[in-house]
Amino acid sequence: QVHIVESGGGLVQPGGSLRLSCSASGSIASIQAMSWYRQSPGKQRELVAGILSSGATNYTDAVEGRFTISRDSHKNTVYLQMNSLTPEDTAIYYCGFYILWTSGGLAYSWGQGTQVTVSS
């Protein structure tokens, strides 16, 4: 089993910054990929950013140049630095881990979500 904890969400004014964190613990052999998704009311969950075990990253066009995904592999932790936030970034943000278990199985696990609200 895995235990995933997210933190860092909150209320911020337009143009402000937030840093999200997400850590996984449990019977983890390695984490193949880490991602951040978001979901706004009435919309589908969308990929915001991802980072592979190689360090390669990708971003959705809407956040390119404003958001930065990073990881600490030793701590099984992924971060999302969000700058120049706009009201359109308001959503629940979910982290996701593609985990190789010590038992040999692979599975995708989600965090509980953290609310980010951008408003004046």
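Each value, and the rule that gives it
Residues numbered from 1 in each chain as written. Predicted model: local features only at pLDDT ≥ 70, side-chain atom pairs only at ≥ 80, totals over all residues. Heavy atoms only, no water. Salt bridge = Lys/Arg side-chain N within 4 Å of Asp/Glu carboxyl O. Helix = DSSP H or I, 4+ residues; strand = E, 2+ residues; numbered from the N terminus. Phe/Tyr/Trp six-rings, centres within 6.5 Å; stacked < 30°, edge-to-face > 60°. Buried < 20%, exposed > 50% of the residue type's maximum accessible area, 1.4 Å probe, protein only. Lys NZ or Arg CZ within 6 Å of the ring centre and 35° of its normal. Patch = residues over 30% accessible without salt bridge, like charges linked within 9 Å, V, L, I, M, F, W, Y side chains within 5 Å. Areas by Shrake-Rupley, 256 points an atom, 1.4 Å probe, with all protein chains shown as cover. Disulfide = S-S within 2.5 Å. Pairing = 2+ DSSP bridges.

Caption draft 1: Molecular detail of the pattern of salt bridges. The final tally for this structure, using the stated rule, is three salt bridges. In this structure, the salt-bridge partner of Asp89 is Arg66, at a minimum N-O distance of 2.8 Å. Of this pair, Asp89 sits in the loop between strand E8 (77-82) and strand E9 (91-101) while Arg66 sits in the loop between strand E6 (57-59) and strand E7 (67-72); the two residues are 23 residues apart in sequence, bridging distant segments of the chain. Because the salt bridges share partners, they merge into one network encompassing Arg38, Glu46, Arg66 and Asp89.

Caption draft 2: Focus on the packing of aromatic side chains. A complete count under the given rule lists three aromatic pairs for this structure. Aromatic pair Tyr98 and Tyr108: ring centres 6.4 Å apart, planes at 35°, arrangement tilted. On the criterion of sequence distance, the pair formed by Tyr98 in strand E9 and Tyr108 in strand E10 (residues 106-110) is long-range, its members being ten residues apart. Looking at Tyr98, the relative accessible area reads 34%, which means it is partly exposed. Summarising the aromatic geometry, the rings of Tyr108 and Trp110 are spaced 5.1 Å apart at their centres and angled 65° between planes, so their arrangement reads as edge-to-face. A relative accessible area of 37% means that Trp110 is categorised as partly exposed. The ring of Tyr94 carries Arg45 above its face, with NZ or CZ at 3.7 Å from the centroid. Here the guanidinium or amino end of Arg45 rests over the ring plane of Trp110, the centre of that ring lying 4.6 Å away.

Caption draft 3: View of a nonpolar patch on the surface. On the surface, a nonpolar cluster with roughly 380 Å² of combined accessible area is contributed by Tyr98, Leu106, Tyr108 and Trp110. A total of three residues in the nonpolar patch trace back to one element, the largest contributor, which is E10. Relative to the assigned elements, Leu106 resides in strand E10.

Caption draft 4: Representation of the state of the cysteines in the model. Under the criterion given, the structure shown has one disulfide. Each disulfide pairs two cysteine sulfurs, and for Cys22 the partner residue is Cys95, the sulfurs being separated by 1.9 Å. Note that Cys22 is positioned in strand E3 (residues 18-26) and Cys95 in strand E9, a separation of 73 residues in sequence. On the basis of relative accessibility, which here comes to 0%, the residue Cys22 falls in the buried class. Accessibility expressed as a relative area gives 0% for Cys95, which makes it buried.

Caption draft 5: The pairing of strand E11 (residues 114-118), seen in detail. Residues Thr114, Val116 and Val118 of E11 are buried on one face, while the alternating residues Gln115 and Thr117, pointing to the opposite face, are not. Here three bridges tie strand E2 (residues 10-12) to E11, and the two strands are oriented parallel to one another. If you follow Gly10 over to E11, its bridge partner there is Val116. Bridging between E9 and E11 involves three bridges; their strand directions are antiparallel. Looking at E11, one finds that Ala91 is bridged to Val116.

Purely geometric stuff here, so don't read any function into it on its own.
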